[in-house]
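# Examination of the molecular architecture
Below, each chain spelled out in residue letters.
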Amino acid sequence: MADQQEASVTLPSEPASVSTARRFVAEVLDGWGLDDATETADAIRIIVSELATNAVLHTLGQSPTFTVDLRLDWEEHLHIGVTDSHPRLPRRLPAAVQQDNGRGMVIVRVLAAESGGRLSVTPIEEGGKTVRISLPWIPAPLAGR
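Below you will find a few notes about this structure. (Residues numbered from 1 in each chain as written. Predicted model: local features only at pLDDT ≥ 70, side-chain atom pairs only at ≥ 80, totals over all residues. Heavy atoms only, no water.)

### A look at the pattern of salt bridges
By the definition in use, this model includes five salt bridges. Of the charged contacts, one joins Asp 36 and Arg 45 as a salt bridge, the two residues approaching to 2.5 Å between their closest N and O atoms. Under the relative-accessibility criterion, Arg 45 is labelled partly exposed at 23%. Arg 45 is paired through a salt bridge with Asp 42; the nearest N and O atoms lie 2.2 Å apart. Of this pair, Arg 45 and Asp 42 are both found in helix H2 (residues 39-57), three residues apart, which corresponds to roughly one turn of the helix. For Asp 42, a relative accessible area of 36% gives the class partly exposed. Each of Asp 36, Asp 42 and Arg 45 takes part in salt bridges that share partners, so that together they form one network. (Salt bridge = Lys/Arg side-chain N within 4 Å of Asp/Glu carboxyl O. Buried < 20%, exposed > 50% of the residue type's maximum accessible area, 1.4 Å probe, protein only. Helix = DSSP H or I, 4+ residues; strand = E, 2+ residues; numbered from the N terminus.)

### Section: the nonpolar core
Counting residues in each nonpolar core, the largest one holds 36 residues, and the members touching the most others are Val 25, Leu 29, Trp 32, Ile 44, Leu 51, Phe 66 and Ile 133. Elements represented by at least two residues in this core include exactly strand S1 (4-12), helix H1 (16-31), H2, strand S2 (65-73), strand S3 (77-84), helix H3 (104-114) and strand S5 (129-136). In contact with Ile 44, other than residues within four places in its own chain, are Val 25, Leu 29, Leu 34, Leu 78, Ile 80 and Leu 135. (Core = buried A, V, L, I, M, F, W, Y, C linked by side-chain atoms within 4.5 Å. Contact = heavy atoms within 4.5 Å.)

### Details of the side chain of Ser 17
Position of Ser 17 among the secondary structure elements: in helix H1. Side-chain polar atoms of Ser 17 contact the backbone oxygen of Pro 12, separated by 2.7 Å. Setting aside anything within four residues of it in sequence, one finds Ser 17 in contact with Leu 11, Pro 12 and Phe 66. (Polar contact = N/O pair within 3.5 Å; in protein donor to acceptor, adjacent residues only side chain to side chain.)

### Section: the environment of Val 68
In this fold, Val 68 is placed in strand S2. Overall, the relative accessible area of 1% leaves Val 68 in the buried class. Along the sequence, Val 68 and Thr 130 sit 62 residues apart, while their C-alpha atoms lie 9.3 Å from each other. Those residues in contact with Val 68 that sit more than four places away from it in its chain are Ala 7, Ser 8, Val 9, Ala 21, Phe 24, Val 25, Gly 81 and Val 82.

### Some details on the sheet that holds S2
Sheet architecture is open: five strands sit in the order S1-S2-S3-S5-S4, paired in antiparallel fashion. A strand with exactly one partner marks an edge of an open sheet, and here the two such strands are S1 and strand S4 (118-123). Strand-to-strand twist of the sheet, defined as the mean angle between neighbouring strand axes without regard to direction, takes the value 15°. In the sheet, S3 pairs with S5 via eight bridges, with the strands oriented antiparallel. Across the sheet, residue His 79 finds its bridge partner in S5, namely Ser 134. In this fold H2 packs onto S2, S3 and S5, with an angle of close to 15° to the strand it touches most, S3. (Pairing = 2+ DSSP bridges. Axes fitted to C-alpha atoms, helices over the stretch in contact; angles between N-to-C directions.)

Remember, this is a structural readout, not a statement about activity or role.
Structure below.
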């Protein structure tokens, strides 16, 4: 495997793109050796769903697209980023028990931490931001082990 592998996709900021982003990430990670049936793969699917949903819903129509990028460094660290062009940074919303929203970033932070990773938010020069999750890489075990 190369020292670094990368993949990215830019999608329209519309609800149907959330499932497209999730499938893209699953297919790339499968190709890089992540077993789709692991808890890590489940956590990544949820993280990507939450970040893509935020890029669609919370940019208030001011980001016509969002980009999902993946980078695997030295077969040790996986970085997943979602970039949009809206300048507002994510913030924790009060989530009342009766609400269906407001918990996305909490879920992302918890899943990242449980997987030994971390979350960061970086403004980009063009005025938007990238929300990135960095996780330790846990590939599928080799057959016969």
